[in-house]
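Chain and residue survey
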Amino acid sequence: MKRRITSVVVGMGAIALIASTAACSSTRETTTTPAASSGAAGGLIGIAMPTKSLERWNKDGSHLEELLKKAGYETTLQYADNKVDQQITQIQNMVNQNPKVLVIASIDGKALAPVLATAKAKNIKVIAYDRLINGSENVDYYATFDNYKVGQLQGEFIKGKLANMSKPINLEPFAGSPDDNNAKFFFSGAWDVLNPLVKSGDIVVPSGKAPATNDEWTKIGIQGWGSDTAQSEMQNRLNSFYTGGKKVNVVLSPNDSLALGIAQALEGAGYKPGDTYPVLTGQDADKANVLNIIAGKQSMTVWKDTRALGDEVAKMVDQIVKGTKVDVNDEKTYDNGKKIVPTYLLAPIVVTKDDIKAKLLDSGFYKAADLGM
Ligand code: BGC
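It should be emphasised that the depicted structure is a prediction, and the values quoted were computed from it without experimental measurement.

**Here we look at unusual backbone geometry**
What you tend to see is this: most non-glycine residues have negative phi, and most peptide bonds are trans. Here Lys167 and Pro168 are connected by a cis peptide whose omega angle stands at -5°. Positionally, Pro168 belongs in the loop between helix H5 (147-162) and strand E6 (169-173). In this structure, Asn98 is a non-glycine residue whose phi angle is positive, near 55°. Mapped onto the fold, Asn98 is located in the loop between helix H3 (84-96) and strand E3 (101-104). Owing to a relative accessible area of 48%, Asn98 belongs among the partly exposed residues under this scheme. Of note in this structure, Asp284 is not a glycine but carries a positive phi near 120°.

**Observations concerning the pairing of strand E11 (residues 343-346)**
Both faces of E11 are covered, namely the face carrying Thr343 and Leu345 and the face carrying Tyr344 and Leu346. The pairing of strand E5 (residues 141-145) with E11 spans four bridges and is classified as parallel. Bridging across to E11, Thr144 finds its partner in Leu345.

**Here we look at the packing of aromatic side chains**
Enumeration according to the criterion identifies six aromatic pairs in this entry. Between Phe185 and Tyr334, the aromatic rings sit 6.0 Å apart at their centres with planes inclined by 35°, giving tilted as the arrangement. Residue Phe185 is found in helix H6 (residues 181-200), and its partner Tyr334 is found in the loop between helix H10 (306-322) and E11; the two are separated by 149 residues along the sequence. Residue classification places Phe185 among the buried residues on the basis of a relative accessible area of 1%. Relative to Trp225, the ring of Phe186 has its centre 6.1 Å away and its plane inclined at 65°; by these criteria the two rings are edge-to-face. Here Phe186, found in helix H6, pairs with Trp225, found in the loop between strand E7 (203-204) and helix H7 (227-241); they are 39 residues apart in sequence, far enough to count as distant. The exposure classification of Phe186 matches that of Trp225, with both residues buried. Three or more aromatic residues joined by ring pairs form one cluster here, namely Tyr142, Phe185 and Tyr334. The ring of Tyr271 has Lys247 lying over it, and the distance from NZ or CZ to the ring centre is 4.9 Å.

**Description of the pattern of salt bridges**
On inspection of all chains with the given rule, the structure shows 19 salt bridges. Linking Asp327 and Lys315 is a salt bridge whose minimum nitrogen-to-oxygen distance equals 3.2 Å. Linking Asp327 in the loop between H10 and E11 with Lys315 in helix H10, this pair joins segments that are twelve residues apart in sequence. Using a relative accessible area of 35% as the deciding quantity, one classes Lys315 as partly exposed. Of the charged contacts, one joins Asp355 and Lys359 as a salt bridge, the two residues approaching to 2.8 Å between their closest N and O atoms. Overall, Asp355 belongs to the buried group, its relative accessible area being 16%. The network of salt bridges with common partners includes Arg56, Asp60, Asp130 and Lys304.

**Observations concerning the nonpolar core**
Counting residues in each nonpolar core, the largest one holds 42 residues, and the members touching the most others are Met234, Ile262 and Leu266. Where this core is concerned, the elements lending two or more residues are H5, E6, H6, H7, strand E8 (250-252), helix H8 (256-268), strand E9 (279-280) and strand E10 (300-303). Considering every element that reaches this core, the biggest residue donor is H6, with seven residues. Other than its neighbours up to four places away in sequence, Met234 contacts Glu172, Phe174, Val248, Val251, Ile262, Ala265 and Leu266. Ranked by size, the runner-up nonpolar core spans 27 residues in total, among them Tyr79, Val101, Val103 and Tyr141.

Cut-offs and rules
- Residues numbered from 1 in each chain as written.
- Predicted model: local features only at pLDDT ≥ 70, side-chain atom pairs only at ≥ 80, totals over all residues.
- Heavy atoms only, no water.
- Helix = DSSP H or I, 4+ residues; strand = E, 2+ residues; numbered from the N terminus.
- Buried < 20%, exposed > 50% of the residue type's maximum accessible area, 1.4 Å probe, protein only.
- Pairing = 2+ DSSP bridges.
- Phe/Tyr/Trp six-rings, centres within 6.5 Å; stacked < 30°, edge-to-face > 60°.
- Lys NZ or Arg CZ within 6 Å of the ring centre and 35° of its normal.
- Salt bridge = Lys/Arg side-chain N within 4 Å of Asp/Glu carboxyl O.
- Core = buried A, V, L, I, M, F, W, Y, C linked by side-chain atoms within 4.5 Å.
- Contact = heavy atoms within 4.5 Å.

Now the structure itself:
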(Lines give C-alpha, C1' and ligand atoms only; values in the text may rest on other atoms or scores of the structure.)
Protein backbone atom coordinates (compact mmCIF):
# COMPACT_ATOMS: atom_id res chain seq x y z
CA MET A 1 0.00 0.00 0.00
CA LYS A 2 2.69 2.40 1.05
CA ARG A 3 4.76 1.64 -2.01
CA ARG A 4 1.83 2.35 -4.25
CA ILE A 5 1.07 5.67 -2.61
CA THR A 6 4.69 6.66 -2.94
CA SER A 7 4.73 5.97 -6.65
CA VAL A 8 1.62 8.04 -7.12
CA VAL A 9 3.17 10.89 -5.21
CA VAL A 10 6.35 10.75 -7.22
CA GLY A 11 4.17 10.80 -10.33
CA MET A 12 2.49 13.94 -9.05
CA GLY A 13 5.71 15.87 -9.30
CA ALA A 14 5.80 15.28 -13.02
CA ILE A 15 2.31 16.45 -13.66
CA ALA A 16 1.61 19.98 -14.70
CA LEU A 17 -1.49 20.74 -12.76
CA ILE A 18 -3.72 23.30 -14.33
CA ALA A 19 -3.50 26.46 -12.30
CA SER A 20 -6.69 28.27 -12.86
CA THR A 21 -9.40 29.93 -10.93
CA ALA A 22 -12.06 27.44 -10.07
CA ALA A 23 -15.45 28.19 -11.53
CA CYS A 24 -18.02 27.80 -8.84
CA SER A 25 -21.58 28.83 -8.70
CA SER A 26 -21.61 29.66 -5.02
CA THR A 27 -21.82 33.23 -3.86
CA ARG A 28 -18.89 34.94 -2.22
CA GLU A 29 -18.98 34.25 1.46
CA THR A 30 -16.35 35.16 3.96
CA THR A 31 -16.55 34.61 7.64
CA THR A 32 -14.36 36.38 10.10
CA THR A 33 -14.47 35.40 13.70
CA PRO A 34 -13.35 38.13 16.04
CA ALA A 35 -11.20 37.28 18.97
CA ALA A 36 -12.99 35.58 21.81
CA SER A 37 -12.04 37.35 24.97
CA SER A 38 -11.19 34.07 26.68
CA GLY A 39 -9.26 32.96 23.64
CA ALA A 40 -6.55 35.56 23.47
CA ALA A 41 -4.08 33.69 25.65
CA GLY A 42 -3.03 31.06 23.10
CA GLY A 43 -2.64 33.51 20.24
CA LEU A 44 -4.23 33.80 16.82
CA ILE A 45 -4.69 30.88 14.43
CA GLY A 46 -5.66 31.56 10.80
CA ILE A 47 -7.90 29.04 9.05
CA ALA A 48 -8.32 29.28 5.25
CA MET A 49 -11.02 27.07 3.72
CA PRO A 50 -11.77 26.77 -0.01
CA THR A 51 -15.52 27.30 -0.27
CA LYS A 52 -18.79 27.33 1.59
CA SER A 53 -20.53 25.72 -1.34
CA LEU A 54 -19.70 22.22 -0.13
CA GLU A 55 -21.14 20.92 3.10
CA ARG A 56 -17.92 19.33 4.25
CA TRP A 57 -15.82 22.52 4.34
CA ASN A 58 -18.43 24.22 6.49
CA LYS A 59 -18.24 21.36 8.95
CA ASP A 60 -14.44 21.31 8.78
CA GLY A 61 -14.18 25.03 9.46
CA SER A 62 -16.65 25.26 12.29
CA HIS A 63 -15.37 22.13 14.06
CA LEU A 64 -11.76 23.29 13.94
CA GLU A 65 -12.68 26.76 15.07
CA GLU A 66 -14.65 25.38 18.00
CA LEU A 67 -11.79 23.12 19.10
CA LEU A 68 -9.21 25.88 18.88
CA LYS A 69 -11.36 28.32 20.80
CA LYS A 70 -11.91 25.75 23.52
CA ALA A 71 -8.14 25.30 23.69
CA GLY A 72 -7.72 29.03 24.29
CA TYR A 73 -6.87 30.37 20.83
CA GLU A 74 -8.33 33.18 18.78
CA THR A 75 -9.31 32.20 15.29
CA THR A 76 -9.94 33.88 11.98
CA LEU A 77 -11.81 31.59 9.60
CA GLN A 78 -12.09 32.56 5.93
CA TYR A 79 -13.83 30.92 2.98
CA ALA A 80 -12.65 31.80 -0.53
CA ASP A 81 -15.53 30.84 -2.84
CA ASN A 82 -13.19 28.50 -4.75
CA LYS A 83 -11.30 31.53 -6.09
CA VAL A 84 -7.53 31.22 -5.93
CA ASP A 85 -6.80 34.97 -5.86
CA GLN A 86 -9.36 35.48 -3.14
CA GLN A 87 -7.73 32.79 -1.02
CA ILE A 88 -4.27 34.30 -1.52
CA THR A 89 -5.57 37.71 -0.41
CA GLN A 90 -7.21 36.16 2.63
CA ILE A 91 -4.01 34.36 3.62
CA GLN A 92 -1.99 37.56 3.12
CA ASN A 93 -4.41 39.41 5.40
CA MET A 94 -4.01 36.68 7.98
CA VAL A 95 -0.20 36.91 7.73
CA ASN A 96 -0.51 40.65 8.38
CA GLN A 97 -2.26 39.82 11.68
CA ASN A 98 0.71 37.71 12.86
CA PRO A 99 -0.99 34.41 13.62
CA LYS A 100 1.01 31.67 15.29
CA VAL A 101 -0.15 29.05 12.80
CA LEU A 102 -1.96 29.04 9.47
CA VAL A 103 -4.19 26.07 8.64
CA ILE A 104 -4.87 26.02 4.90
CA ALA A 105 -7.16 23.86 2.79
CA SER A 106 -5.90 25.16 -0.54
CA ILE A 107 -7.89 25.70 -3.71
CA ASP A 108 -4.91 25.49 -6.02
CA GLY A 109 -2.12 23.71 -4.16
CA LYS A 110 0.51 25.19 -6.47
CA ALA A 111 -0.43 28.85 -6.15
CA LEU A 112 0.51 29.61 -2.56
CA ALA A 113 4.32 29.61 -2.55
CA PRO A 114 4.71 33.44 -2.66
CA VAL A 115 2.24 34.15 0.14
CA LEU A 116 3.75 31.36 2.25
CA ALA A 117 7.16 32.97 1.83
CA THR A 118 5.75 36.05 3.58
CA ALA A 119 4.47 33.79 6.38
CA LYS A 120 7.87 32.18 6.73
CA ALA A 121 9.51 35.60 7.02
CA LYS A 122 7.40 36.11 10.16
CA ASN A 123 8.05 32.58 11.43
CA ILE A 124 4.39 31.63 11.07
CA LYS A 125 3.97 27.86 10.86
CA VAL A 126 1.81 26.35 8.14
CA ILE A 127 -0.34 23.21 8.21
CA ALA A 128 -1.76 21.97 4.90
CA TYR A 129 -5.27 20.79 5.68
CA ASP A 130 -6.75 17.92 3.64
CA ARG A 131 -4.99 19.11 0.43
CA LEU A 132 -1.22 19.20 0.11
CA ILE A 133 0.37 22.56 -0.77
CA ASN A 134 2.94 22.04 -3.52
CA GLY A 135 6.05 23.84 -4.63
CA SER A 136 6.80 25.55 -1.30
CA GLU A 137 9.34 24.77 1.40
CA ASN A 138 7.16 26.67 3.84
CA VAL A 139 4.69 23.92 4.58
CA ASP A 140 5.47 22.53 8.01
CA TYR A 141 2.91 19.74 8.35
CA TYR A 142 0.12 18.06 6.43
CA ALA A 143 -2.98 16.33 7.81
CA THR A 144 -5.34 14.43 5.57
CA PHE A 145 -7.23 11.26 4.90
CA ASP A 146 -5.43 8.71 2.76
CA ASN A 147 -6.50 10.08 -0.61
CA TYR A 148 -5.22 7.20 -2.74
CA LYS A 149 -7.14 4.85 -0.47
CA VAL A 150 -10.36 6.85 -1.07
CA GLY A 151 -10.14 6.09 -4.80
CA GLN A 152 -9.08 2.53 -4.15
CA LEU A 153 -12.17 1.97 -1.98
CA GLN A 154 -14.36 3.33 -4.80
CA GLY A 155 -12.64 1.11 -7.37
CA GLU A 156 -12.87 -2.00 -5.16
CA PHE A 157 -16.53 -1.29 -4.47
CA ILE A 158 -17.25 -1.17 -8.22
CA LYS A 159 -15.16 -4.28 -8.84
CA GLY A 160 -17.14 -6.13 -6.16
CA LYS A 161 -20.41 -5.21 -7.87
CA LEU A 162 -19.22 -6.33 -11.30
CA ALA A 163 -19.03 -9.98 -10.26
CA ASN A 164 -22.80 -10.35 -10.61
CA MET A 165 -23.24 -8.24 -13.76
CA SER A 166 -23.15 -9.44 -17.35
CA LYS A 167 -20.09 -8.26 -19.27
CA PRO A 168 -19.10 -5.99 -20.79
CA ILE A 169 -20.12 -3.35 -18.31
CA ASN A 170 -20.78 0.21 -19.53
CA LEU A 171 -18.87 2.53 -17.22
CA GLU A 172 -18.46 6.31 -17.25
CA PRO A 173 -15.51 7.72 -15.28
CA PHE A 174 -15.33 11.20 -13.75
CA ALA A 175 -12.47 12.91 -11.93
CA GLY A 176 -12.19 15.88 -9.59
CA SER A 177 -10.97 19.42 -10.09
CA PRO A 178 -7.66 19.58 -12.02
CA ASP A 179 -6.28 22.22 -9.65
CA ASP A 180 -6.89 20.08 -6.53
CA ASN A 181 -3.85 18.04 -5.54
CA ASN A 182 -6.13 15.34 -4.07
CA ALA A 183 -8.02 14.67 -7.28
CA LYS A 184 -5.15 12.84 -8.95
CA PHE A 185 -4.83 10.56 -5.92
CA PHE A 186 -8.56 9.76 -5.92
CA PHE A 187 -8.47 8.93 -9.60
CA SER A 188 -5.27 6.89 -9.42
CA GLY A 189 -6.59 4.81 -6.53
CA ALA A 190 -9.75 3.94 -8.45
CA TRP A 191 -8.18 3.59 -11.89
CA ASP A 192 -5.47 1.24 -10.67
CA VAL A 193 -8.33 -1.13 -9.82
CA LEU A 194 -10.55 -0.45 -12.85
CA ASN A 195 -8.17 0.16 -15.77
CA PRO A 196 -7.07 -3.51 -15.91
CA LEU A 197 -10.76 -4.40 -16.36
CA VAL A 198 -11.04 -1.84 -19.17
CA LYS A 199 -7.97 -3.37 -20.77
CA SER A 200 -9.36 -6.91 -20.41
CA GLY A 201 -12.64 -5.83 -22.01
CA ASP A 202 -14.85 -6.55 -18.98
CA ILE A 203 -15.52 -2.83 -18.80
CA VAL A 204 -16.20 -0.59 -21.78
CA VAL A 205 -16.52 3.18 -21.74
CA PRO A 206 -19.03 4.11 -24.49
CA SER A 207 -18.21 7.85 -24.32
CA GLY A 208 -14.57 7.09 -25.07
CA LYS A 209 -13.62 9.09 -21.96
CA ALA A 210 -11.48 6.38 -20.39
CA PRO A 211 -8.04 7.81 -19.59
CA ALA A 212 -5.43 5.45 -21.05
CA THR A 213 -3.19 6.10 -18.05
CA ASN A 214 -3.68 7.66 -14.62
CA ASP A 215 -1.83 10.77 -15.75
CA GLU A 216 -4.56 11.59 -18.28
CA TRP A 217 -7.13 12.10 -15.54
CA THR A 218 -7.32 15.89 -16.01
CA LYS A 219 -9.11 15.32 -19.34
CA ILE A 220 -12.16 14.16 -17.39
CA GLY A 221 -11.66 16.47 -14.41
CA ILE A 222 -14.62 18.61 -13.34
CA GLN A 223 -13.30 22.10 -12.65
CA GLY A 224 -14.23 23.40 -9.21
CA TRP A 225 -15.93 20.11 -8.29
CA GLY A 226 -19.25 21.59 -9.49
CA SER A 227 -22.45 19.53 -9.32
CA ASP A 228 -23.90 21.48 -12.27
CA THR A 229 -20.85 20.84 -14.43
CA ALA A 230 -20.95 17.13 -13.61
CA GLN A 231 -24.66 17.04 -14.36
CA SER A 232 -24.29 18.59 -17.80
CA GLU A 233 -21.29 16.39 -18.62
CA MET A 234 -23.30 13.29 -17.69
CA GLN A 235 -26.28 14.56 -19.70
CA ASN A 236 -24.05 15.05 -22.73
CA ARG A 237 -22.62 11.56 -22.43
CA LEU A 238 -26.06 9.99 -22.02
CA ASN A 239 -27.52 11.93 -24.97
CA SER A 240 -24.60 11.22 -27.27
CA PHE A 241 -23.53 7.70 -26.43
CA TYR A 242 -26.49 5.97 -24.80
CA THR A 243 -29.01 5.89 -27.61
CA GLY A 244 -31.04 2.96 -28.89
CA GLY A 245 -31.66 1.48 -25.45
CA LYS A 246 -28.00 1.34 -24.37
CA LYS A 247 -27.72 1.78 -20.59
CA VAL A 248 -24.92 2.97 -18.36
CA ASN A 249 -24.19 0.40 -15.62
CA VAL A 250 -21.55 2.12 -13.50
CA VAL A 251 -20.45 5.71 -12.90
CA LEU A 252 -17.17 6.36 -11.10
CA SER A 253 -17.68 9.64 -9.28
CA PRO A 254 -14.80 10.82 -7.08
CA ASN A 255 -16.96 12.70 -4.60
CA ASP A 256 -20.46 13.56 -3.49
CA SER A 257 -20.81 16.94 -5.20
CA LEU A 258 -20.23 15.29 -8.58
CA ALA A 259 -22.42 12.32 -7.65
CA LEU A 260 -25.28 14.69 -6.89
CA GLY A 261 -25.17 16.17 -10.41
CA ILE A 262 -24.68 12.76 -12.01
CA ALA A 263 -27.70 11.34 -10.13
CA GLN A 264 -29.78 14.24 -11.40
CA ALA A 265 -28.70 13.58 -14.98
CA LEU A 266 -29.55 9.89 -14.56
CA GLU A 267 -32.95 10.75 -13.17
CA GLY A 268 -33.56 13.17 -16.05
CA ALA A 269 -32.72 10.40 -18.51
CA GLY A 270 -35.30 8.11 -16.92
CA TYR A 271 -33.12 5.90 -14.70
CA LYS A 272 -35.12 4.82 -11.65
CA PRO A 273 -33.82 3.44 -8.34
CA GLY A 274 -33.86 -0.34 -8.43
CA ASP A 275 -31.87 -3.24 -9.83
CA THR A 276 -31.01 -1.52 -13.11
CA TYR A 277 -29.95 1.79 -11.57
CA PRO A 278 -26.22 2.31 -12.18
CA VAL A 279 -23.64 1.77 -9.47
CA LEU A 280 -22.65 5.30 -8.47
CA THR A 281 -19.79 6.12 -6.10
CA GLY A 282 -19.11 9.20 -3.98
CA GLN A 283 -17.08 10.65 -1.14
CA ASP A 284 -17.75 12.84 1.93
CA ALA A 285 -21.08 11.49 3.24
CA ASP A 286 -22.74 14.85 2.58
CA LYS A 287 -26.31 14.87 3.84
CA ALA A 288 -27.92 15.17 0.39
CA ASN A 289 -25.90 12.18 -0.77
CA VAL A 290 -26.69 10.05 2.26
CA LEU A 291 -30.34 10.80 1.52
CA ASN A 292 -29.70 9.71 -2.08
CA ILE A 293 -28.15 6.48 -0.82
CA ILE A 294 -31.24 5.84 1.28
CA ALA A 295 -33.39 6.59 -1.81
CA GLY A 296 -31.35 4.20 -3.99
CA LYS A 297 -29.87 6.98 -6.15
CA GLN A 298 -26.26 6.52 -5.04
CA SER A 299 -24.56 3.25 -4.11
CA MET A 300 -21.91 4.30 -1.62
CA THR A 301 -19.90 7.16 -0.26
CA VAL A 302 -16.41 7.20 1.20
CA TRP A 303 -16.80 8.80 4.58
CA LYS A 304 -14.01 10.91 5.99
CA ASP A 305 -14.92 11.86 9.52
CA THR A 306 -13.98 15.51 9.34
CA ARG A 307 -14.24 15.72 13.12
CA ALA A 308 -11.26 13.36 13.40
CA LEU A 309 -9.26 15.49 10.96
CA GLY A 310 -10.12 18.61 12.96
CA ASP A 311 -9.11 16.86 16.19
CA GLU A 312 -5.71 15.97 14.74
CA VAL A 313 -5.11 19.44 13.35
CA ALA A 314 -6.14 21.18 16.58
CA LYS A 315 -3.68 18.92 18.39
CA MET A 316 -0.96 19.74 15.84
CA VAL A 317 -1.59 23.47 16.31
CA ASP A 318 -1.28 23.14 20.07
CA GLN A 319 1.89 21.05 19.79
CA ILE A 320 3.43 23.59 17.40
CA VAL A 321 2.56 26.54 19.62
CA LYS A 322 3.78 24.79 22.77
CA GLY A 323 6.94 23.64 21.03
CA THR A 324 6.34 19.97 21.85
CA LYS A 325 6.76 17.05 19.44
CA VAL A 326 4.14 17.15 16.70
CA ASP A 327 2.33 13.83 16.08
CA VAL A 328 2.73 12.55 12.53
CA ASN A 329 2.50 9.01 11.17
CA ASP A 330 3.98 9.39 7.70
CA GLU A 331 7.32 11.04 7.00
CA LYS A 332 8.01 9.51 3.60
CA THR A 333 5.10 9.84 1.25
CA TYR A 334 4.06 13.43 0.73
CA ASP A 335 6.69 15.06 -1.42
CA ASN A 336 5.45 18.51 -2.45
CA GLY A 337 8.24 19.07 -4.96
CA LYS A 338 10.33 21.03 -2.44
CA LYS A 339 10.31 18.80 0.62
CA ILE A 340 8.71 15.77 2.16
CA VAL A 341 6.00 17.16 4.35
CA PRO A 342 5.52 15.33 7.69
CA THR A 343 1.96 14.08 7.61
CA TYR A 344 -0.78 12.72 9.80
CA LEU A 345 -2.89 10.31 7.74
CA LEU A 346 -6.38 9.17 8.68
CA ALA A 347 -8.33 6.23 7.27
CA PRO A 348 -11.40 6.74 5.04
CA ILE A 349 -14.40 4.40 5.44
CA VAL A 350 -16.96 3.05 2.94
CA VAL A 351 -20.61 3.68 3.81
CA THR A 352 -23.51 1.97 2.04
CA LYS A 353 -27.24 1.88 2.71
CA ASP A 354 -26.73 -1.10 5.03
CA ASP A 355 -24.41 0.62 7.45
CA ILE A 356 -25.59 4.21 7.58
CA LYS A 357 -26.87 3.61 11.09
CA ALA A 358 -23.80 1.79 12.37
CA LYS A 359 -21.34 4.29 10.90
CA LEU A 360 -22.99 7.68 10.54
CA LEU A 361 -25.63 7.63 13.27
CA ASP A 362 -23.97 5.64 16.04
CA SER A 363 -20.87 7.81 15.69
CA GLY A 364 -22.99 10.93 16.06
CA PHE A 365 -21.95 12.32 12.64
CA TYR A 366 -25.66 12.65 11.86
CA LYS A 367 -28.75 12.47 14.00
CA ALA A 368 -31.50 10.07 12.90
CA ALA A 369 -33.79 13.06 12.37
CA ASP A 370 -31.28 14.65 9.93
CA LEU A 371 -31.75 11.65 7.67
CA GLY A 372 -35.45 11.11 8.29
CA MET A 373 -34.66 7.79 10.00
C1 BGC B 1 -11.60 16.80 -0.65
C2 BGC B 1 -12.92 16.10 -0.83
C3 BGC B 1 -13.93 17.05 -1.45
C4 BGC B 1 -13.37 17.75 -2.66
C5 BGC B 1 -14.28 18.85 -3.16
C6 BGC B 1 -11.16 17.37 -1.97
O7 BGC B 1 -9.93 17.98 -1.86
O8 BGC B 1 -10.63 15.91 -0.14
O9 BGC B 1 -13.38 15.65 0.42
O10 BGC B 1 -15.07 16.34 -1.85
O11 BGC B 1 -12.12 18.32 -2.37
O12 BGC B 1 -14.36 19.89 -2.26
